[in-house]
Amino acid sequence: MNFEESLGRLEEIVKNLEEGEISLEESLPLFEEGIKLLTKLKDYLDKAETKIEKLIKDSEGKFKINEYRELSKRLEEES
């Protein structure tokens, strides 16, 4: 499953759990699957962040990580 498919499946699981229309026996495996997907997605995003940090350099070839982190923080605050 790629990133988008995993995210879509996680959203589907969250919706099913929030609706509360499934039994506890059905909820537990869904919850477990959701946790696994969440871990997988977080790992993917962490790796992507690392790659982005490596790609962002200033004109002297030095990384502009602080600028990236500030941008990332602003984007998180807006969402």
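Counting restarts for each chain: residues are numbered from 1 in the order of the written sequence. Confidence filtering applies because this is a predicted model: local features only for residues at pLDDT of at least 70, side-chain atom pairs given and counted only at 80 or more, and all residues used for totals across whole chains, interfaces and linings. Hydrogens and water are ignored here; the side-chain numbers use all heavy atoms of the structure.

## Description of the environment of Gly-34
Thought 1: Note on placement: Gly-34 falls in helix α2 (residues 24–55).
Thought 2: Exposure is judged per residue with a 1.4 Å probe applied to protein chains only, and the accessible area is read against the type maximum: over 50% gives exposed, under 20% gives buried, and values in between give partly exposed. A residue is classified by how much of its surface remains accessible, and Gly-34, at 7% relative accessible area, is buried.
Thought 3: Contacts are assigned to residue pairs that have any heavy atoms within 4.5 Å of one another. Once you skip the residues sitting within four places of it in the chain, Gly-34 turns out to touch Leu-10 and Ile-13. Secondary structure is summarised from DSSP: a helix means a run of H or I of at least four residues, a strand means a run of E of at least two, and numbering begins at the N terminus for each.

## Focus on helix α1 (residues 3–19)
Thought 1: The span you would expect from a helix comes to 1.5 Å times its residue count less one. If you check α1, its first and last C-alpha atoms are 24 Å apart, about what 17 residues at 1.5 Å a residue would give, namely 24 Å.
Thought 2: Listing the buried residues of α1 in full gives Ser-6, Leu-10 and Ile-13. Along α1, the residues classed as buried sweep out an arc of 60 degrees about the axis, all on the same side. Pointing more than 90 degrees away from the buried face of α1 are the exposed residues Glu-4, Glu-11 and Glu-18.
Thought 3: In this fold, the buried residues of α1 make contact with α2.
Thought 4: Residues adjacent in sequence count toward polar contacts only when both atoms are side-chain atoms; beyond that, a polar contact is any pair of N or O atoms within 3.5 Å, and within protein one must be able to donate a hydrogen and the other to accept it. For α1, the side-chain oxygen to backbone nitrogen distance between the N-cap and Glu-4 is 3.1 Å, and the N-cap itself is Asn-2. Read the arc as the range of directions from the helix axis to the C-beta atoms.

## Side note on the pattern of salt bridges
Thought 1: Think of a salt bridge as a Lys or Arg side-chain nitrogen and an Asp or Glu carboxyl oxygen that are within 4 Å of each other. Overall, the coordinates contain 4 salt bridges when judged by the stated rule.
Thought 2: Where Glu-33 meets Arg-9, a salt bridge forms, and the shortest distance between an N and an O atom there is 2.8 Å. Remark: Arg-9 occurs in helix α1 and Glu-33 occurs in helix α2; sequence separation between them is 24 residues.
Thought 3: Judged by relative accessible area, which is 27%, Glu-33 ranks as partly exposed.

## Focus: the confidence of the model for the chain
One rule of thumb: low pLDDT means the predicted coordinates there are not for detailed reading.
Thought 1: Considering every residue of the chain, the mean pLDDT works out to 84; 76% of them sit at 70 or more.
Thought 2: Model confidence for the chain, summarised as mean pLDDT per element, is weakest for helix α3 (residues 65–78) at 67 and strongest for α1 at 94. pLDDT is defined as a per-residue confidence score from the predictor, taking values between 0 and 100.

## Structural notes on the nonpolar core
Thought 1: Judged by nonpolar contacts, Leu-10, Ile-13, Leu-30, Leu-37 and Leu-41 together constitute the single largest core of 5 residues.
Thought 2: At the level of secondary structure, the elements contributing two or more residues to this core comprise α1 and α2.
Thought 3: Residue contributions to this core peak at 3 residues, all from α2. Take the buried Ala, Val, Leu, Ile, Met, Phe, Trp, Tyr and Cys residues and link them wherever side-chain atoms come within 4.5 Å; each set so joined is a nonpolar core.

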